Amino acid sequence: MIETAQAFGIDIGGSGIKGAPVDLTTGTFAAERLRIPTPQPATPEAVADTVKEILDSFEVEDGTPIGIAFPAPVKPGKPLGYMSNLDQSWVGVNIEELFGERCGRKVHVLNDADAAGLAEAVFGAAKGVDGLVIATTLGTGIGTALINNGTLVPNSELGHIIIDGKGDAEKYAADSIRTKEELNWKKWGKRLTKYYKLLEFYLSPDVFVVGGGVSKKHEKFFPYIEIDTPIIPAALLNTAGIVGAAQFAAMQ
Ligand code: BGC
């Protein structure tokens, strides 16, 4: 593997599985990332094969910490209890065991939004921020990470809070819904206002960090999010999941 890398990160998403060696002194990729389309259906066995393919193609050495960001709440050592946007056959799978066996080595798995939030806290927009940061990723679903005074409180699933009369928040305000329903920035901003207002009321955060691919267009929709809490775009954009996963693995 590349000499400047101290760890390897993989980010599993609904459309792509991406991996790169990470330089943890800077929070950047030590080599260009590899992206392989997520197998369809995205069953545990098929995804585990893709993860192995990525590790093999970078010749990741034994002993390198390997972190994997995954789009569901992950309790180390326990079977997955819930899956929103990948194949339902994941429920009941011990994911660290499955990937560990397939790859022939120890891997550390965490929730994808937690990985992104951790990366923002260590290297990005939430670095050195006191108090409670809520990092949100707006994509196919809505992922959330709670970081209190720099410490991650894992497995928050605040993308699924119920918006009064509208049901599950991610089915109402995710970026995928914006494109599916062809909402303009203002209409989407109004939906996001409802969402962030609820988080604001329940958790009194000090700052919101907004990630996910669409956050690079934050100037288009932030003006329509009317809340009292400061709201800032993520700094790492599409590297956050990989960098956070690698950081998490190195911390174990
Ligand atoms: C999942 C979360 C995940 C988020 C973003 C949600 O549907 O329940 O665990 O972090 O999507 O992928």
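Residues numbered from 1 in each chain as written. Predicted model: local features only at pLDDT ≥ 70, side-chain atom pairs only at ≥ 80, totals over all residues. Heavy atoms only, no water.

Caption draft 1: Molecular detail of the packing of helix 1 (residues 44–57) against helix 2 (residues 95–103). Here helix 1 crosses helix 2 at 50°, and the two axes come no closer than 9 Å. On the basis of the axis angle, helix 1 is oblique to helix 2. Judged by the twist between their axes, the crossing of helix 1 over helix 2 is right-handed. Counted together, Pro44, Val47, Ala48, Asp49, Val51, Lys52 and Leu55 of helix 1 and Leu98, Phe99, Arg102 and Cys103 of helix 2 form the full contact between these two elements. Looking at the contact of helix 1 with helix 2 residue by residue, the class counts come to eight nonpolar, no polar and three charged. (Axes fitted to C-alpha atoms, helices over the stretch in contact; angles between N-to-C directions. Helix = DSSP H or I, 4+ residues; strand = E, 2+ residues; numbered from the N terminus. Parallel < 35°, antiparallel > 145°, perpendicular 65-115°, else oblique. Left-handed = near helix turned anticlockwise from the far one by under 90°. Contact = heavy atoms within 4.5 Å. Nonpolar A, V, L, I, M, F, W, Y, C, P; charged D, E, K, R; others polar.)

Caption draft 2: Inspection of the packing of helix 3 (residues 112–123) against helix 8 (residues 240–251) at higher detail. Packing of helix 3 against helix 8 brings their axes to within 7 Å, and their N-to-C directions diverge by 80°. Comparing their axes, helix 8 and helix 3 come out roughly perpendicular. Touching Ala115, Ala116, Leu118, Ala119, Glu120, Val122 and Phe123 of helix 3 are Ala240, Gly241, Val243, Gly244, Ala245, Gln247, Phe248 and Met251, all from helix 8. Along the lines of polarity and charge, the residues of the contact of helix 3 with helix 8 split into 11 nonpolar, three polar and one charged.

Caption draft 3: Highlighting the pattern of salt bridges. Counted by the stated rule, this structure contains seven salt bridges. Linking Arg105 and Asp62 is a salt bridge whose minimum nitrogen-to-oxygen distance equals 4.0 Å. Separated by 43 residues along the polypeptide, Arg105 in the loop between helix 2 and strand 6 (108–111) and Asp62 in the loop between helix 1 and strand 5 (66–70) bring together distant segments of the chain. Of the charged contacts, one joins Arg178 and Asp175 as a salt bridge, the two residues approaching to 2.6 Å between their closest N and O atoms. With a gap of three residues between them, Arg178 and Asp175 both fall in helix 5 (residues 175–180), about one helical turn apart. You'll find Arg178 and Asp175 in the same group, each marked buried. (Salt bridge = Lys/Arg side-chain N within 4 Å of Asp/Glu carboxyl O. Buried < 20%, exposed > 50% of the residue type's maximum accessible area, 1.4 Å probe, protein only.)

Caption draft 4: Quick peek at the pairing of strand 6. Summarising the sheet, strand 5 and strand 6 pair through four bridges and their orientation is parallel. If you follow Gly67 over to strand 6, its bridge partner there is His108. The parallel pair strand 5 and strand 6 is bridged by helix 2, and the resulting crossover is right-handed. (Pairing = 2+ DSSP bridges. Right-handed = clockwise from strand over helix to strand, strands pointing away.)

Caption draft 5: Main features of the domain arrangement of the protein. With domains assigned, the protein is organised as domain 1 (7–114 + 240–251) and domain 2 (128–234). Taking only C-alpha atoms into account, the centre of domain 1 sits 24 Å from that of domain 2. Contact between domain 1 and domain 2 buries roughly 830 Å² in total, counting both sides, with carbon and sulfur atoms accounting for 45%. The largest contributions to the domain 1 side of the interface with domain 2 come from Asn85, Ala113 and Asp114, which together make up 55% of the buried area. The tally of links between domain 1 and domain 2 comes to zero salt bridges. Across the contact surface, domain 1 and domain 2 share four residue pairs in polar contact (both at pLDDT 80 or more). Residues belonging to the side of domain 1 that touches domain 2 are distributed by class as follows: five nonpolar, three polar and two charged. (Domains from an automatic or database assignment. Buried area = accessible area lost by both parts, 1.4 Å probe. Polar contact = N/O pair within 3.5 Å; in protein donor to acceptor, adjacent residues only side chain to side chain.)

Caption draft 6: Looking closely at the environment of Val153. Inspection of the secondary structure puts Val153 in strand 9 (residues 151–153). On the basis of relative accessibility, which here comes to 42%, the residue Val153 falls in the partly exposed class. Sequence-wise, Val153 and Glu120 are 33 residues apart; in three dimensions their C-alpha atoms are separated by 14 Å.

Caption draft 7: Layout of unusual backbone geometry. Look at the link from Gln40 to Pro41: it is a cis peptide, with omega at -5°. Along the chain, Pro41 turns up in the loop between strand 4 (34–37) and helix 1. Even without being a glycine, Asn149 presents a positive backbone phi close to 45°. Considering the arrangement of structural elements, one finds Asn149 in the loop between strand 8 (142–148) and strand 9.

Caption draft 8: Up close: the packing of aromatic side chains. For the coordinates displayed, the defined rule picks out 10 aromatic pairs. An angle of 80° between the planes, with centres 6.1 Å apart, marks the rings of Trp90 and Phe99 as edge-to-face. When its relative accessible area of 0% is taken as the criterion, Phe99 is described as buried. A network of ring pairs unites the aromatic residues Trp185, Trp188, Phe221 and Phe222 as a single cluster. Residue placement shows Arg178 over the ring face of Trp188; its charged tip is 5.5 Å from the ring centre. (Phe/Tyr/Trp six-rings, centres within 6.5 Å; stacked < 30°, edge-to-face > 60°. Lys NZ or Arg CZ within 6 Å of the ring centre and 35° of its normal.)

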